[in-house]
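# Understanding the architecture of this molecule
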Amino acid sequence: MDDYKEDSLTLKGAVALGTGVMIGAGIFALLGQVAELSGTWFPYIFIVGAIISGFSSYSYIKVSNAYPSAGGIAMILTKAYGKTTITAAASVLMALSMVINESLVARTFGSYTLQLFDVEKDSIWVPGLGVALLILAYIINVAGNKVIGKTSQFMAFVKIVGILIFAIGGLWAAEFTMSDLVPESTNTENYSVASFIGAMALSILAYKGFTTITNSGGEITNPHKNVGRSIVISLIICTVVYFLVATAVNSSLSISEIVSAKDYSLAEAARPAFGDYGLYFTVGIAIVATISGVIASIFAVSRMTAMLTDMELIPHSHFGMSGSVQKHMLLYIVVIAIVLTIFFDLSRIASMGAIFYLVMDMIIHWGVFKHLRKDVKANGVILISALLLDLIVLTAFVWIKASSDMFVVIVSAIGVVLVFAGEKWFLHWKKRE
C-alpha cells in the first residue's frame, strides 16, 4: 500500500476504490441526519446532493485528467496557488474533514454495534466502542497488515452487496409500488428552504469520497481519461444505491421514527421489515463498513499529511519517536479523531465535516477558474456554477446550524481561522528560516 505503481489500477479497480470509499459508512451515519432536515423528501435530497457533487467533481476531473498524480488535492491546489498559505490551509481543511469523517464513522460503529444489546442509545459505550475501533485501525496501519490490503476490495464488495440486499429487501417487505416514489406532502411546511439546503450539505458528505480517486491518478491505467470516467461512474453507482436505501427506510419508518433513531436508522428500519435476523444482518454490514472505512481513511489521510510535510506546507515534530513521517502522522490523526469521538455527537461531527469540506471545495473551484481554466481547458460557467452551489449550500447550512446549534458554528469558524492563521505564520517562519 505504501508504493505507487504506474498502470496498477484499472478503470474497474478505480471505480471499486471510489464506490468502496463512498458507499457504506456514510449512508449509515448520515441518512438519519438528512431525514431530520428534509422530512419525507430525504431520498431525493441524495439525488440533489449527487448533482451538486457532479458539478463539484468537474474541477477535480479536469485537473486530474491533465495532470494525473498521486498528489490529488494537494497537487490541484499547488498547481492553482503555488506553495502558499491558501494551498496549505485548504489542504489541512481537507485533511481535517477526513479526520472528522473518521470520528463520524467511529461513533456510527458504536451506535450500530450497541443495537445487538439492551443498552441506552446515549450510553458511554458509543464513544467507547468508537475509540476502540480507532485504536484498532491505528494498530493495523502501523503493522502494515497485508491481509487487510488484500481483503479491502472483498470487504467493499461485501458491504455494497449487503446494502443493496437491505434496500431491495426493505422495498419488497414494505410492498413498495411506483406510487410510493411520490413523498407524502404532509408536514412539508415544517421544513424551510434553508433546511432542505442544509440537508443537501450533509448529503454531499456521502459523495466526497470521489476525491480519493484523484489521489490515485498516478496509478490508474490511461489516467488522462480513466480518472474522470471512474469518478463519474462511481457517483452514478452511489446515487442509485443511496436512493434505494433511503426509499427503503422511508417506506419502513415514519420520519419521527427515523429522527428518533437517526444514529442507527438503517438498523431500526430492518426491525419491521425483517425482524431480529434483519437487524443482525444490517448491524453486521454496518460493522464491516465502518471498520473497513476507518482503516482505509486513516491510511489515506496519513499519506496525504505526510506528503504535505515533505512539501514543507505543514509543521512536523517527531517528539522523540522513531519511524517514518507517515507513522507519526498516523498517531497524530488518531489522537485528534479520538478526541472528537469522545466529545462530539454524530450530528456535530457531521456538521463540522460538511463546513470544512465545502470551504475547501470552494477554494479548489476558484483556483481552477482563476489560474488553471485555460490550461486544463475547463468550462468557466461550470466552474462558477459549482462554486455558487457550494456557497449557497454552505450559507444555508451555517444559517440552520446557527439557529439550532451555535456551538458547532463557532467551533468550525475558529477552526478555519486557526488553520489559515497558523499556516500563514508557519510559512512565513519557514521562509525566514
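In this text, all values refer to a predicted model and were calculated from it rather than measured experimentally. As a convention, each chain's residues are numbered from 1 in the sequence order in which they are written. Since the coordinates come from a predicted model, pLDDT governs what is reported: local features require at least 70, and pairs of side-chain atoms require 80 or more to be given and counted, while whole-chain, interface and lining totals use all residues. Remark: hydrogens and water are excluded; side-chain values derive from all non-hydrogen atoms of the structure.

### What to know about the pattern of salt bridges
To be explicit about the condition: Between Lys or Arg on one side and Asp or Glu on the other, a salt bridge is scored when a side-chain nitrogen of the former is within 4 Å of a carboxyl oxygen of the latter. Strands here mean DSSP runs of E at least two residues long; helices mean DSSP runs of H or I at least four residues long; both are numbered from the N terminus. The cut-offs for exposure are 20% and 50% of the maximum accessible area for each residue type, with area from a 1.4 Å probe on protein chains only; residues under the lower value are buried, those over the upper are exposed, and the others partly exposed.
Tallied over the full model, the rule gives 3 salt bridges. For K262, the salt bridge goes to E36, with nearest N and O atoms at 2.9 Å. Of this pair, K262 sits in the loop between helix 11 (255-260) and helix 12 (265-310) while E36 sits in helix 2 (residues 25-38), and the two are 226 residues apart along the sequence. Residues D405 and R348 are paired through a salt bridge, measuring 2.7 Å at the closest nitrogen-oxygen approach. Of this pair, D405 sits in the loop between helix 15 (380-404) and helix 16 (406-432) while R348 is found in helix 14 (residues 346-372), placing the two residues 57 residues apart along the sequence. A relative accessible area of 25% places R348 in the partly exposed class.

### Things to note about the packing of aromatic side chains
Convention followed: Classification of ring pairs uses Phe, Tyr and Trp, with its six-membered ring standing for Trp, and accepts pairs whose centres are within 6.5 Å; under 30 degrees between planes counts as stacked, over 60 as edge-to-face, and the remaining range as tilted. To sit over a ring, a charge needs its Lys NZ or Arg CZ within 6 Å of the ring centre and within 35 degrees of the ring normal.
Under the definition given, this model contains 12 aromatic pairs. Both rings, one in Y44 and one in F243, keep their centres 5.3 Å apart while their planes meet at 65°; by these two values the pair is edge-to-face. Taken together, the positions of Y44 in helix 3 (residues 42-66) and F243 in helix 10 (residues 223-252) put the pair 199 residues apart, joining distant regions of the chain. What makes Y44 partly exposed here is its relative accessible area of 25%. Overall, F243 belongs to the buried group, its relative accessible area being 16%. Aromatic pair W425 and W429: ring centres 6.1 Å apart, planes at 10°, arrangement stacked. Highlighted residues: W425 and W429, both in helix 16, separated by 4 residues, approximately one helical turn. Judged by relative accessible area, W429 falls into the partly exposed class, the value being 39%. Aromatic ring contacts, followed pair by pair, group W41, Y44 and F243 into a single cluster. A cation over an aromatic ring shows up here: K79 above the ring of Y67, its NZ or CZ 4.0 Å from the ring centre.

### Notes on the packing of helix 10 against helix 12
How we decide: Axis definition: a line fitted to C-alpha atoms, over the contacting stretch in the case of helices. Angles run 0 to 180 degrees between N-to-C directions. Orientation is classified from the angle alone, with under 35 degrees giving roughly parallel, over 145 giving roughly antiparallel, 65 to 115 giving roughly perpendicular, and any other angle giving oblique. By definition, turning the near helix anticlockwise from the far helix through less than a right angle yields a left-handed crossing, and turning it clockwise yields a right-handed one. We call two residues in contact when some of their heavy atoms are within 4.5 Å. Residue polarity follows a fixed list, in which Ala, Val, Leu, Ile, Met, Phe, Trp, Tyr, Cys and Pro are nonpolar, Asp, Glu, Lys and Arg are charged, and the others, Gly among them, are polar.
For the pair helix 10 and helix 12, the least separation of the axes is 9 Å and the interaxial angle reads 55°. By the angle class used here, helix 10 and helix 12 are oblique. You can see that helix 10 and helix 12 cross each other, and the crossing is left-handed. Facing helix 10, whose interface residues are V245, V249 and S252, helix 12 presents L266, A269, P272 and A273. Split into classes, the residues belonging to the contact of helix 10 with helix 12 amount to 6 nonpolar, 1 polar and no charged.

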